[in-house]
Amino acid sequence: KWLEGFKEIIGVLAPESCGAKDLETQVNAIHVPWWTRANILRDNDTYNPANDSLAITGSVSHSYITQLWRSNKLPRPARTIDPMSISGVLLTADDLLVLGVRAGHTYSDTIMTIPAGFVEFSGGKNPLFKTFYAELAEEIGLSEHHISSAELIGRVTDHEISKNTLYVVRARTK
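All of these numbers come straight from a predicted model, not from anything done at the bench.

What counts, and where the lines are drawn
- Residues numbered from 1 in each chain as written.
- Predicted model: local features only at pLDDT ≥ 70, side-chain atom pairs only at ≥ 80, totals over all residues.
- Heavy atoms only, no water.
- 1 Å grid on protein atoms, 1.4 Å probe; cavity = no way out; pocket = protein on both sides within 12 Å on 5 of 7 lines; lining within 4 Å.
- Points joined across faces, edges and corners; volume = space filled by probe spheres on them.
- Helix = DSSP H or I, 4+ residues; strand = E, 2+ residues; numbered from the N terminus.
- Nonpolar A, V, L, I, M, F, W, Y, C, P; charged D, E, K, R; others polar.
- Buried < 20%, exposed > 50% of the residue type's maximum accessible area, 1.4 Å probe, protein only.
- Polar contact = N/O pair within 3.5 Å; in protein donor to acceptor, adjacent residues only side chain to side chain.
- Contact = heavy atoms within 4.5 Å.
- pLDDT = per-residue confidence, 0-100.
- Pairing = 2+ DSSP bridges.
- Axes fitted to C-alpha atoms, helices over the stretch in contact; angles between N-to-C directions.

Summary: where empty space remains is shown by rolling a probe the size of a single water molecule over the atoms. Its volume calculated, the second largest pocket comes out at about 550 Å³. Taken together, 23 residues line the second largest pocket, and the ones lying closest to its centre are Leu54, Ile56, Asn126, Leu128 and Leu152. For the lining of the second largest pocket, the secondary-structure elements that each account for two or more residues are β1 (38-48), β2 (53-62), α4 (127-140) and β7 (147-158). No other element matches the 7 residues that β2 contributes to the lining of the second largest pocket. A breakdown of the residues in the lining of the second largest pocket according to their chemical character gives 13 nonpolar, 6 polar and 4 charged.

So this is what it looks like as structure tokens:
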């Protein structure tokens, strides 16, 4: 069922590939994760130093579009796609940095900071921190109650692993 939906997405984003005889082979070569979620594509962000605030504009997308964007198996869509992600820098109360071993199909078995993940659409006011806490619980079993402080400390454009904008959250455990 997902293949038909994926073909529709490709038809919108990369119509030049829809006539290819081997479209199904190309589509099957793209890793599609078990999760199917709505995520947020970043259009722009503006930092206001006067009140230390960040305003982000974006649009809701689908995790399959994210996978298409990350894939080098199909032509890149004409529209620039920037799926927003968070990346955590988690410090323990005694100043140790928490690291994890990456799983999955992209750079598996490499060491990375945790938690990390694509920002999912949720009707909340702050999807960056909501995603940070959701990933924290999913990846290492900690909840917001285990954290003494969390702050947004930067934005990085990752051209290698996730091919998107990562908002970096620094947090400290209690």
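Mapped onto the secondary structure, Asn164 falls in strand β8 (residues 164-173). Among the residues examined, Asn164 registers a relative accessible area of 2% and is labelled buried. Reaching out from Asn164, the side chain makes a polar contact with the side chain of Ser85 at a distance of 2.7 Å. Sequence-distant contacts of Asn164, that is, excluding residues within four places in its chain, are made with Asp82, Pro83, Met84, Ser85, Phe118, Val156, Thr157 and Asp158.

Quick look at the confidence of the model for the chain now. On average, residues of the chain carry a pLDDT of 78, and 67% of them reach 70 or more. Per-residue pLDDT, averaged within each element of the chain, yields its smallest value for helix α1 (residues 2-13) (57) and its largest for strand β3 (residues 85-91) (93).

Let us now look at the sheet that holds strand β6 (residues 116-118). Neighbouring strands of a sheet are bound in pairs by backbone hydrogen bonds; such pairs are parallel or else antiparallel. With respect to topology, 4 strands assemble into an open sheet ordered β6-β3-β8-β7, the strand pairing being mixed. The outermost strands of the open sheet, each flanked by one partner alone, are β6 and β7. Shown here is a sheet whose adjacent strand axes are inclined to one another by a mean of 20°, direction ignored.

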